[in-house]
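# Structure assessment
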Amino acid sequence: MIQQVLRCGAVAVALSAAAVAQAQAPASDYPGSKPVRMIVPFPPGGGTDILSRIIAQKLTEHNHWTVVADNRAGAGGTIGITEATKAQPTGYDIVMGQKDNVVLGYYLYKGLPWNPSKDLTPIAHVAYSPVIIATAETSKFKTLNDVIAAAKADPGKITYGSPGNGTSIHIAGVLFEKAAGVKLTHVPYKGSNPALVDTLSGNVDLLVSSVPSAIGQIKAGKLRPLAVTSAKRSSSLPDVPTVAELGMKGFDVSTWYGLFGPRNLPAPIVTKLNTEVNKLLADKSVQEAIQAQGAEPQAMSVADFDKFFHQDFKDSKAIVESSGAAIQ
């Protein structure tokens, strides 16, 4: 009887060890020869697209993986997030989310088939970026105070383009109107690049955008930066004042970018992806590539990103409600 019990115990231990080994095996070989699809919820050329392609390219180069950026734009970035939540939790479908779609979109779009706090797995924080208020170089507005004066003189006449209703950039525009005591007319686009094009052509007066989406045209001398919305100046545009510096003390709005997977993504795969992304963010060439686009690289552990994300999700409900922003 004792020998039988011992044999049963040995079998149980062996089976348990085999189960553990089997659970760990996918992460140890991951991703193997299979390509990883990185869903980009905005069109090509915008800040999210640029950062996604930097990370996808560097993961491919450094690790000899195949990581392919796949643009799935629309509805303020929520279409791409919806697709990610429907993916199998294998690690072969991940998404570059940001405050816009993962957090704010949930409170602004009614009837979304997912809840970000339940249906997404935070993987790795990548970067954060202030929002920039800019105008075409040919514009009559030389400073942000020029815009404020003109808006007070003729409420609603001045237009500003954003990447879409419900994005953090749209929220930044609404909060700026409230802080400055002015009324502007919001013109939403399907992504940053179309809004940028219309600003340069004079179809809208102002561009409210992430720094990564606008910095190329700023450096080319075609876009005039008026202010950034973060508490501190952007390291990429150190000569551009903050909104707070121009008289609206305490004004601080920025957006963040991070990788997510569907819910129930196995912890070993999450840890492996987080580790490899954080290695990239510690690499000077990657830091410079991200900073060249106007964003600030920022690595976090899985636990820290999970805490950061859930806190921001909780806090953003009141911010959206106080801003008065709504999807038309």
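The structure displayed is predicted, hence computed values, not measured ones.

When helices and strands are counted, the protein chain shows 12 helices and 10 strands. In terms of its C-alpha atoms, the protein chain occupies a principal-axis envelope of roughly 95 × 40 × 30 Å. Expressed as a percentage of its 328 residues, the buried residues of the protein chain come to 52%. Across the protein chain, contacts joining residues at least 24 apart in sequence account for 77% of those joining residues at least 6 apart. Summed over its atoms, the accessible surface of the protein chain is roughly 14,500 Å², and 55% of this surface lies on carbon and sulfur atoms.

For the rest of this paragraph, the subject is the packing of aromatic side chains. Within this structure, the stated rule accounts for 10 aromatic pairs. With a centroid separation of 5.3 Å and an interplanar angle of 50°, the aromatic rings of Tyr 30 and Tyr 92 are classed as tilted. In this pair, Tyr 30 sits in the loop between α1 (2-29) and β1 (36-40) while Tyr 92 sits in the loop between α3 (78-86) and β3 (93-98), placing the two residues 62 residues apart along the sequence. Each member of the pair, Tyr 30 as well as Tyr 92, carries the same accessibility label: buried. Where Phe 260 meets Phe 309, the ring centres are 5.2 Å apart and the plane angle is 70°; that geometry is what we call edge-to-face. Taken as a pair, Phe 260 in strand β9 (residues 254-262) and Phe 309 in helix α12 (residues 302-323) lie far apart in primary sequence, 49 residues in all. The rings of Trp 256, Phe 260, Phe 305, Phe 308 and Phe 309 are connected pair by pair, giving a single aromatic cluster. In this arrangement the basic side chain of Lys 34 is found over the ring face of Tyr 92, its NZ or CZ atom lying 4.2 Å from the centre.

With 46 residues, the main nonpolar core has Leu 144, Phe 176, Leu 184, Leu 206, Val 243 and Phe 260 as its most contacted residues. For this core, the element with the most residues is helix α7 (residues 168-180), which contributes seven residues. Those residues within four positions of Phe 176 in sequence are excluded, and the remaining contacts are Ile 133, Leu 144, Ile 148, Leu 184, Val 243, Met 248 and Phe 251. Counting 29 residues, the second-largest nonpolar core is a separate cluster that includes Met 38, Ile 55, Leu 59 and Ala 124.

Relative to the helices and strands, Asn 101 resides in helix α4 (residues 99-108). For Asn 101, a relative accessible area of 0% corresponds to the buried category. Within the structure, Asn 101 has its side chain in polar contact with the backbone oxygen of Gly 77 (distance 3.3 Å). In contact with Asn 101, not counting residues within four places along its chain, are Pro 41, Phe 42, Gly 76, Gly 77, Thr 78, Ile 81, Tyr 106 and Trp 114.

Examined against the element boundaries, Lys 58 turns out to sit in helix α2 (residues 47-63). If we ignore the near neighbours within four places in the chain, the residues touching Lys 58 are Asn 63, Leu 280, Ser 285 and Val 286.

The residue Pro 212 is located in helix α9 (residues 211-219) in this model. Among the residues examined, Pro 212 registers a relative accessible area of 1% and is labelled buried. Considered as a pair, Pro 212 and Pro 241 are 29 residues apart in the sequence and their alpha carbons are 17 Å apart. Contacts of Pro 212, omitting those with residues within four sequence positions, involve Gly 47, Ile 50, Ser 129, Tyr 257, Gln 293, Gly 294 and Ala 295.

Orientation of α2 relative to helix α10 (residues 267-281), taken along the N-to-C sense of each, is 100°, at an axis distance of 10 Å. Classified by the angle their axes make, α2 and α10 are roughly perpendicular. For the pair formed by α2 and α10, the contact residues are Ile 55, Lys 58, Leu 59, His 62 and Asn 63 on the first element and Glu 276, Leu 280 and Leu 281 on the second.

Reading guide: rules and limits
- Residues numbered from 1 in each chain as written.
- Predicted model: local features only at pLDDT ≥ 70, side-chain atom pairs only at ≥ 80, totals over all residues.
- Heavy atoms only, no water.
- Helix = DSSP H or I, 4+ residues; strand = E, 2+ residues; numbered from the N terminus.
- Buried < 20%, exposed > 50% of the residue type's maximum accessible area, 1.4 Å probe, protein only.
- Contact = heavy atoms within 4.5 Å.
- Areas by Shrake-Rupley, 256 points an atom, 1.4 Å probe, with all protein chains shown as cover.
- Phe/Tyr/Trp six-rings, centres within 6.5 Å; stacked < 30°, edge-to-face > 60°.
- Lys NZ or Arg CZ within 6 Å of the ring centre and 35° of its normal.
- Core = buried A, V, L, I, M, F, W, Y, C linked by side-chain atoms within 4.5 Å.
- Polar contact = N/O pair within 3.5 Å; in protein donor to acceptor, adjacent residues only side chain to side chain.
- Axes fitted to C-alpha atoms, helices over the stretch in contact; angles between N-to-C directions.
- Parallel < 35°, antiparallel > 145°, perpendicular 65-115°, else oblique.

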